[in-house]
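Each chain is listed here by its residues.
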Amino acid sequence: CNILNEVFIFPRERWFPVLDLPLGPVITYNIATENGRKLLQLVKRALQSSTEISPHPGPAVGSLLESPSYGEPRLIAPRLGQASFRAMVLDAYARRCAITGERTIPVLEAAHIQRYSSSGEHSLANGLLLRSDLHRLFDAGYIGIDPRNNQVRISPRLRGDYENGRDYYALEERRLYLRLPANRCDHPSPEKLRDHWESIFMH
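To keep things clear, this report deals only with the structure shown in the data block. Every value quoted in this text rests on a predicted model; they were computed, and no experiment measured them.

**Observations regarding unusual backbone geometry**
Okay, step 1: Positive phi, normally seen in glycine, also occurs at Asn150, with a value near 60°.
Okay, step 2: By the element assignment, Asn150 lies in the loop between strand S3 (143-146) and strand S4 (151-154).
Okay, step 3: With a relative accessible area of 18%, Asn150 lands in the buried category.
Okay, step 4: A positive phi angle is found at Glu163, which is not glycine, with a value near 50°.
Okay, step 5: Tracing the sequence through the fold places Glu163 in the loop between helix H5 (157-162) and helix H6 (166-169).
Okay, step 6: The exposed category is assigned to Glu163, whose relative accessible area is 72%.

**Things to note about helix H3 (residues 82-92)**
Okay, step 1: Looking only at H3, the buried set comprises Ser84, Phe85, Val89, Leu90 and Ala92.
Okay, step 2: Where H3 terminates, the next one or two residues include Ala94, which has phi positive at roughly 50°.

**Quick notes on the pattern of salt bridges**
Okay, step 1: All chains considered together, the criterion is met by nine salt bridges.
Okay, step 2: Across the pair Arg131 and Asp133 runs a salt bridge, and its minimum N-O distance is 2.7 Å.
Okay, step 3: Among the salt bridges present, the one from Arg153 reaches Glu173, with a minimum N-O distance of 3.3 Å. With Arg153 in strand S4 and Glu173 in the loop between H6 and helix H7 (190-199), the pair connects residues that are 20 residues apart, well separated along the chain.
Okay, step 4: Residue Arg153 is classed as buried on the basis of its relative accessible area, which comes to 19%.
Okay, step 5: Each member of the salt-bridge network shares a partner with another, and the members are Arg153, Glu172 and Glu173.

Calculation criteria
Residues numbered from 1 in each chain as written. Predicted model: local features only at pLDDT ≥ 70, side-chain atom pairs only at ≥ 80, totals over all residues. Heavy atoms only, no water. Helix = DSSP H or I, 4+ residues; strand = E, 2+ residues; numbered from the N terminus. Buried < 20%, exposed > 50% of the residue type's maximum accessible area, 1.4 Å probe, protein only. Salt bridge = Lys/Arg side-chain N within 4 Å of Asp/Glu carboxyl O.

Distances and angles like these do not, on their own, reveal function.
Okay, here's the thing in structure tokens:
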């Protein structure tokens, strides 16, 4: 299964002629060849004048939008995007919340155990599939996973801060391992769970 990142499609009126197609089951162009360089320049010019491209493009598209003063365009290996991360985590957890077993896909989110803003990577070792409200509470430190036994813990601060949380305290001591991926290689990293437990969860 291949996941495409940073896909863009120009409107038909802005299409340009196809260059000589390379042979093989997958159509690719090497930018070291003449046709590859021509195609890259066509795409770059079209992107720079496009109004459909996101104002915050990913690293691959962003490199094509750079000013010429930055040098020649180059191929880069961007980090796996959030959409791909979610697809990967959804599949690993069989589309079920790791804590509740919820299966309504629109409310399921791929949570980073170690925050992405703190260099937490897009990987299954750093991911949990959580219902959206649990994801927010996990990120805020109101929900934690005890790394010693994989039990769900609800912070006492939830009741103190909001004078509520009865539904969430009902989740106390649920064992995460009951809903982990079938493949042990896809389980969350104990080290990352411990980092969240010690630095983010509010005991």
